[in-house]
Structures are given as structure tokens and as C-alpha cells.
Amino acid sequence: MELDQVWEKVVSMLSEEISAVSFNSWIKPIEAVRMTDSKIILEVPYSVNKNMIMTKYHSLIESCIETVTSKKRAIEVLVSEEIQSDNADPLREESTLNPRYTFDNFIVGSKNKIAYVAALAVAEAETPMRNYNPLFFYGGSGLGKTHMLQAIGNYYLENHPKKKVLYTTSEKFTYELVSAIRDKNNQSFRNKYRKVDLLLIDDVQFFANQEFAQEELFHTFNALYDKEKQIVLTSDRLPSEIPQLEERIKTRFSSGIVIDVQPPDYETRMAILKSKLQSEYLEVGDDIVAYVADNIKSNVRELEGAVKRIVLYAGIKRTNHITMDIAKEALTDIMKSQPRRRITAQLIISEVEKYYMLPKGSLVSPKRSRDVAYPRQVAMYICREILDDPSFPKIGESFGGRDHSTAMHNVDKIKKELTDNSELRTVVDEIITNIKRD
């Protein structure tokens, strides 16, 4: 389907979901410029149009595009002046930051708190702190690395407006380098990248195999570092694990602080969902938010995708009150694709040790003191309740090679105690919930 046809159908859908005044003010002036496999670029006349679309209609537009094309595509919104300057000078100096990415709307949880604190420290410092330069974030796709990277840039610019900030990706850096060489414009390229106060480079793993780009990156890094300018980088893996990356570059990437960004825990997923759904003006109960958080665990991007699906179905149903039936219908396909956590005796042992704050390996050790023996009995009971193959010999073997009769005795003891001990029942239920949740 051609772009004109796609956009015509998207606009038609939007006209049914948005009031006439809002549609004429914000949607009608949009022109679709280009479509790729991953995104659609839209042109608007003024910055205020761009801000309104990105803050209020962003999710709805992307949901409509997905419905029309049967494929997820992000939108990129540019004002007319940006498109004209793109065509005029690919090496223009600008931050290219997305104003939507800020610290204010970044949800902080236990798995990303260290990364957040480090990012904020770098953003607040007018000159780099020695140990934080470079700052290197790594982790899987969709965990918020780009959000954090651009939040650093936006915060830095807001507090140091006279400073120069440049955000780029490894692909864009390489493309601009090739263009500069072709046009014999190397010095403009170097001026762009080496005369900034803060350089933010996303997805540096894609420099692998790009030997010439690596050479230029190496000298760019050194030039900025020697002038005490801040460098922040992201990747999907540790610097040492990026293949076909020169050792001297790996060493420089690792010379500052390297921080792992992990998938969000349950509480963070709940907070992210509530924030996203609230911004869409939807009425969604905590039970529905919990249902989504329980079932979508891998990354923030998939949580955002779930919200977009719910927004789309709310539009189809013409309601802003989301029931569990609507949520389940909207998320059927997404739920089917979610990996399920494999529950093992080792996982149960780990969660029980975590709950009782015991050192790792305590429950499989020979220790018989009550502070270890009782949690061990609880863990054996849970194994018997939820494992696919809960035979007593296998349970005993999992707990340091204990006899099956010991496992049977411990399970029976907890089972009898549960009949009269509501506090223990609460503990067991909470541990089982944790096992099935994360």
C-alpha cells in the first residue's frame, strides 16, 4: 500500500476518534512525507503542532497506522524548517533531541535506579566528573536507554543553554561520515562532532565491522575527552562483548562508568502502565493494570505497545472506561507472544531465600538451624504445590541431595500448619506470586 493511501485511511480513522475542532487544528495540517519498514515521517507547519502531536496524539496515530498497515511503525514528526534544513545541510549543528524524553516522565524502579542516578548526575554537571566520563549504559532493547540518553541532553540544555549538545546514533554517525568523505567535507563533519560539550551516541554496537567509522570515532572520542567534554553511550551489551570492535575503542568505552539497565520489576511495570494510561485519559482499574504487568515483563517498549492497543480498542468501542474484557481482547496477540517463565526447584529456592533474606545457597546447605530449616520446609512445600514434576525424590535431590522421606516429612509439616496459620498462608501465597510474576 502506498504512503498516500495509508495516510488517507489513518486520517479517516482519526477523524472519528477526535473532536472536529482538534482534528482541524492538529491532524488536518499533517502531511505524510516518507514511509519505511519501521517508521513514518510526518511534516507539520509549526513547532506547536509537533509538540501537541507528540504529547497528546502520538500513541493514537501509531495505533491507527498499525491497524491500517498491519505493522508497527513509529512516527517521526518534523516541522517544515527541519525538513528543509535536512535537505540543505546534513552536517548542520543541532541537538536532534526529542523533547518528550525527560527525567520527569522516566519511571524509576529498583532495576534502573543506579542508571537514573548516574544519568542525572551527568546531566547536572556543567563539566564532566572524571569517573563518569564516558558514561556507558548497556541492556536489552526497549529498556529505556534512549529515553535516559536524551533526558540527559534535554536536562543539560535546559540548565546550560549556551552549551552544545549532540545526540546521534551509530548508523547516523557512519552515514554522515560516508557523505562527508564523498563530498570532500571531512572538516565539517569533524567540527560537528568534536566541537560539542556533550556527545550522546545511541546503539554503539552497530559500529562493529565499520572499520573506517571506528577510526573516526576513536579520534572523536579522544578529542572530546582531552578537552574534558562529556560523552554518554548506549549499547545492547558490554563494551568487551561487542564483536569486531577495536580493542582500543572497547578500552575507552569501559574507562568511565559502565551500568547495566535491566528489565523493569513488577512495581515499575505497574507504575509505567499507570502513567501511560493516565496520559491517554482512560479509566483503567488496578486489576487491569496488574493483569498487564503480570503478563508483559520483558521491556518498556512492549508495555507501551500494550497501552497503544488498549487505546485503539477504546476508540473502536467508543469508551474511555476499560473493562477486563476489553483489555484481554486488545492484548490477545501480544499475550500469545510473551515468553513464559520456566518454574524450577532452583527458582523456588532462590525466591524463598530472597524472601527470608538468607544468603544464596542456604537452603541446599547442611545447616539445620531454625532460621534455615523452616524456610527450607516452606520451599519444599511450594515445590510440591507448583512444580510440573513434584515427586519427593526429585524435591529431596534439589535440596542438597536430601532423602525423599525428609522431603515428605517437611511438606506434610507445612501442609498441616497451613490449616490454622493464616500468616503462613499469606507468606506462601506471596512467595508463589513472586515466583510466577518476575
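Scroll up to find the structure this text is about.
Definitions and cut-offs
- Residues numbered from 1 in each chain as written.
- Predicted model: local features only at pLDDT ≥ 70, side-chain atom pairs only at ≥ 80, totals over all residues.
- Heavy atoms only, no water.
- Helix = DSSP H or I, 4+ residues; strand = E, 2+ residues; numbered from the N terminus.
- Buried < 20%, exposed > 50% of the residue type's maximum accessible area, 1.4 Å probe, protein only.
- Areas by Shrake-Rupley, 256 points an atom, 1.4 Å probe, with all protein chains shown as cover.
- Lys, Arg positive; Asp, Glu negative; His and termini not counted.
- Charge placed at Lys NZ, Arg CZ, Asp CG, Glu CD.
- Axes fitted to C-alpha atoms, helices over the stretch in contact; angles between N-to-C directions.
- Parallel < 35°, antiparallel > 145°, perpendicular 65-115°, else oblique.
- Left-handed = near helix turned anticlockwise from the far one by under 90°.
- Contact = heavy atoms within 4.5 Å.
- Nonpolar A, V, L, I, M, F, W, Y, C, P; charged D, E, K, R; others polar.
- Pairing = 2+ DSSP bridges.
- Salt bridge = Lys/Arg side-chain N within 4 Å of Asp/Glu carboxyl O.

## Section: the overall build of the chain
Part 1: Looking only at helices and strands, one finds 20 helices and 10 strands in the chain.
Part 2: With the C-alpha coordinates of the chain rotated into their principal frame, the extents come out at 80 × 55 × 40 Å.
Part 3: Counting across all 438 residues of the chain, residues that qualify as buried make up 48%.
Part 4: In the form shown here, the chain has an accessible surface area of approximately 22,400 Å², with 49% of it arising from carbon and sulfur atoms.
Part 5: Between the averaged position of the 60 positive side-chain charges in the chain and that of its 64 negative side-chain charges there is a distance of 3 Å.

## A look at the packing of helix α16 (residues 345-355) against helix α17 (residues 370-386)
Part 1: Remark: α16 packs on α17, axes separated minimally by 10 Å, with the N-to-C direction vectors making an angle of 140 degrees. The angle between the axes of α16 and α17 places the two elements in the oblique class. As α16 packs across α17, the resulting crossing turns out to be right-handed. Counted together, Ala345, Ile348 and Val352 of α16 and Pro375, Ala379, Ile382, Cys383 and Ile386 of α17 form the full contact between these two elements.
Part 2: Looking at the contact of α16 with α17 residue by residue, the classes come out as 8 nonpolar, no polar and no charged.

## Brief notes about the pairing of strand β5 (residues 165-169)
Part 1: Among the 5 residues of β5, 4 are classified as buried, and the element is accordingly described as predominantly covered.
Part 2: The pairing of β5 with strand β6 (residues 198-202) spans 5 bridges and is classified as parallel. Residue pairing for β6: tyrosine 167 is matched across the bridge by leucine 200.

## Observations concerning the side chain of serine 59
Part 1: Positionally, serine 59 belongs in helix α3 (residues 47-69).
Part 2: Classification of serine 59 as buried rests on a relative accessible area of 14%.
Part 3: Filtering out sequence-adjacent residues up to four positions away, serine 59 remains in contact with Glu280 and Lys308.

## Focus on the pattern of salt bridges
Part 1: Considering all chains together, one arrives at 14 salt bridges under this definition.
Part 2: For aspartate 236, the salt bridge identified is with arginine 237, shortest N-O distance 2.7 Å.
Part 3: Residue aspartate 236 is classed as partly exposed on the basis of its relative accessible area, which comes to 32%.

## Quick look at the sheet that holds strand β2 (residues 39-44)
Sheet strands line up and pair through hydrogen bonds in the backbone, either parallel or antiparallel.
Part 1: One open sheet holds the 3 strands; their spatial order is β1-β2-β3, and the pairing between them is mixed. In this open sheet, the two strands that pair with only one neighbour each are β1 (31-35) and β3 (74-79). Direction aside, the axes of adjacent strands within the sheet are offset by 30 degrees on average.
Part 2: Bridge count between β2 and β3: 6 bridges; the pairing is parallel. When the sheet's bridge partners are listed, isoleucine 41 is paired in β3 with glutamate 76.

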